[in-house]
Amino acid sequence: MRAMEAGMRYLLLGLALLLAAFAGTAWAQQAQETQAQRQQVQPGNNAPVWRDARSGKEGFTTVKGRETGVLIQTEGQTWRELRNGPITRYGGWLVVLMLIAIGLFYTLHGPIGLHSPRTGKMIERFSPFERIAHWSMAISFCILALSGLTMLFGKHVLLPVIGYALFSLLAEIGKNLHNFVGPIFLFSIVVFVLKFIGDNFPRAYDLTWLAKGGGVIGDAVVPSGRFNAAEKIWFWGGVIGLGTVSCASGLVMDFPNFDQTRAQMMLANSVHVIAGILFIVWSFTHIYLGTVGTTGAYEGMRNGYVDETWAREHAQYWYQDVKAGRRELPSGESGAAVAASAPPQTQH
Ligand code: HEM
């Protein structure tokens, strides 16, 4: 009896499988016929065509140009996930954490002050041309940084607060400013580098300066040239290094009329965003040290003159060379003329 039952069960199972196979074949046949019909009535709008398009395969088109036959570019999805995923997430955290770190440093350590009192005698630190070179680079950088941050983080940070209308207006203005100020920034970097490169070559004493953390460790005066080791690293790594990468990748996107492929544009975009975030985060430290972080530094780049005490403590070897007449002042006057030409100390 049992054996018969088991046999019956197997027979039923076999029948069911056969039926399923038939149904499947019938369904597949049906699907094929539908596709064949669809190919007649709507050629190019059916599953095989969309499968090809989705795979990134190049199809036929009458439109001339590179990649015009590629309807959907599969790598585009990867780029979007990368840009809206890790780049935005970790980039955002980097920006926030650097601002917190600077805030903490300022609260715990306070500004880097002078060890001896000001003399009231001012010495020229930057010529008018040098300051124009710095500020045209700095201001164009800030416009690029703010518009770039808006394009990357705006929809997460600004949109929920200011709403679609205002955000899209800001984003539109920001995007156009970004596209036009980019080349100006590049030009100002070239001028700046040509003007300042002579004072940024590494010297042996820079290593001592770095080893002592520029005097922050142990609160001592550590001698340096016209620019200290941290400024030189910012010059080579930031302005020249990240400046070149962000400008070159920016130009690839700004002038898409060199037959770039979409893959090249996506690569340029990813490189540009990563270099841009690193440049912005690094600039926070420079801007902090160039404003509230170092007493007396800002006035040097603002009106060109610093107090002699500042020069002696922050650029000792440069100050000594100027005083000894071994080098000229930035405007070309001899160092000996320091006392005569300096404006009276401005009250702060
Ligand atoms: C917007 C805010 C900025 C402020 C307040 C600022 C302030 C200053 C100050 C006070 C100095 C003179 C420091 C000294 O006497 O040694 C300086 C130098 C310098 N700044 Fe800025 N800066 C700003 C933005 C920038 C930006 C965006 C860049 C680069 C893209 C930059 C690049 C430099 C460089 C390279 C130096 C000279 C250091 C060297 O050549 O080694 N600055 N800045």
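Placed above this text is the structure.
All of these numbers come straight from a predicted model, not from anything done at the bench.

Trainee: Got a minute to help me understand the overall build of the protein in this structure?
Mentor: From N to C terminus, the protein includes twelve helices and two strands. Ordering the α and β elements of the protein from the N terminus gives α-α-α-β-α-α-α-α-α-α-β-α-α-α. Over its C-alpha atoms the protein spans a radius of gyration of 32 Å, topping by over 25% the 20 Å that the globule rule assigns to 348 residues. The C-alpha extent of the protein, read off along each of the three principal axes, is 115 × 60 × 45 Å. Put simply, the protein has 348 residues, and 34% of those count as buried. Sequence separation of 24 or more characterises 74% of the internal contacts of the protein that already satisfy a separation of 6 or more. If you sum the accessible surface of the protein, you get close to 20,900 Å²; carbon and sulfur atoms cover 69% of it.

Trainee: What's the story with the coordination of the iron atom of the ligand in this structure? I'm lost.
Mentor: Ideal values for angles at a metal depend on the geometry: 109.5 degrees with four tetrahedral donors, 90 or 180 degrees with six octahedral donors. Protein coordination of the iron atom of the ligand is provided by His134 (NE2) and His286 (NE2), with donor distances spanning 2.0 Å. One way to put it: the six donor atoms around the iron atom of the ligand meet at angles of 87 to 179 degrees, and that makes the site octahedral. Here histidine 134 is found in helix H4 (residues 128-157), whereas its partner histidine 286 is found in helix H8 (residues 262-289), with 152 residues between them in sequence.

Trainee: Explain the layout of surface pockets here, please?
Mentor: If a probe as big as a water molecule is rolled over the atoms, it shows which places are left empty. By volume, the second largest pocket amounts to about 670 Å³. Along the wall of the second largest pocket there are 29 residues; nearest its centre are Gly148, Met151, His178, Met253 and His272. Contributions of two or more residues to the lining of the second largest pocket are made by H4, helix H5 (159-196), helix H7 (229-254) and H8. Ranked by the residues each element gives to the lining of the second largest pocket, the list is headed by H4, at eight residues.

Trainee: Teacher, can you tell me more about the site of the ligand here?
Mentor: Taken together, 25 residues are adjacent to the ligand, and Arg125, His134, Asn200, Glu231 and His286 come closest. Asparagine 200 places a polar side-chain atom, nitrogen or oxygen, 2.6 Å from an oxygen atom of the ligand. Interatomic distance of 2.4 Å between a side-chain N/O atom of glutamate 231 and an oxygen atom of the ligand. Put simply, the parts of the chain that give the shell around the ligand at least two residues each are H4, H7, H8 and helix H9 (297-303). If you tally residues by element for the shell around the ligand, the top one is H4, at six residues.

Cut-offs and rules
- Residues numbered from 1 in each chain as written.
- Predicted model: local features only at pLDDT ≥ 70, side-chain atom pairs only at ≥ 80, totals over all residues.
- Heavy atoms only, no water.
- Helix = DSSP H or I, 4+ residues; strand = E, 2+ residues; numbered from the N terminus.
- Rg over C-alpha atoms; globule rule 2.2 N^0.38 Å.
- Buried < 20%, exposed > 50% of the residue type's maximum accessible area, 1.4 Å probe, protein only.
- Contact = heavy atoms within 4.5 Å.
- Areas by Shrake-Rupley, 256 points an atom, 1.4 Å probe, with all protein chains shown as cover.
- Donors = N, O, S within 2.8 Å, 3.2 Å for Na, K, Ca; no water.
- Tetrahedral: all angles 85-135°; square planar, octahedral: opposite > 155°, others 65-115°.
- 1 Å grid on protein atoms, 1.4 Å probe; cavity = no way out; pocket = protein on both sides within 12 Å on 5 of 7 lines; lining within 4 Å.
- Points joined across faces, edges and corners; volume = space filled by probe spheres on them.
- Near = heavy atom within 4 Å.
- Polar contact = N/O pair within 3.5 Å; in protein donor to acceptor, adjacent residues only side chain to side chain.

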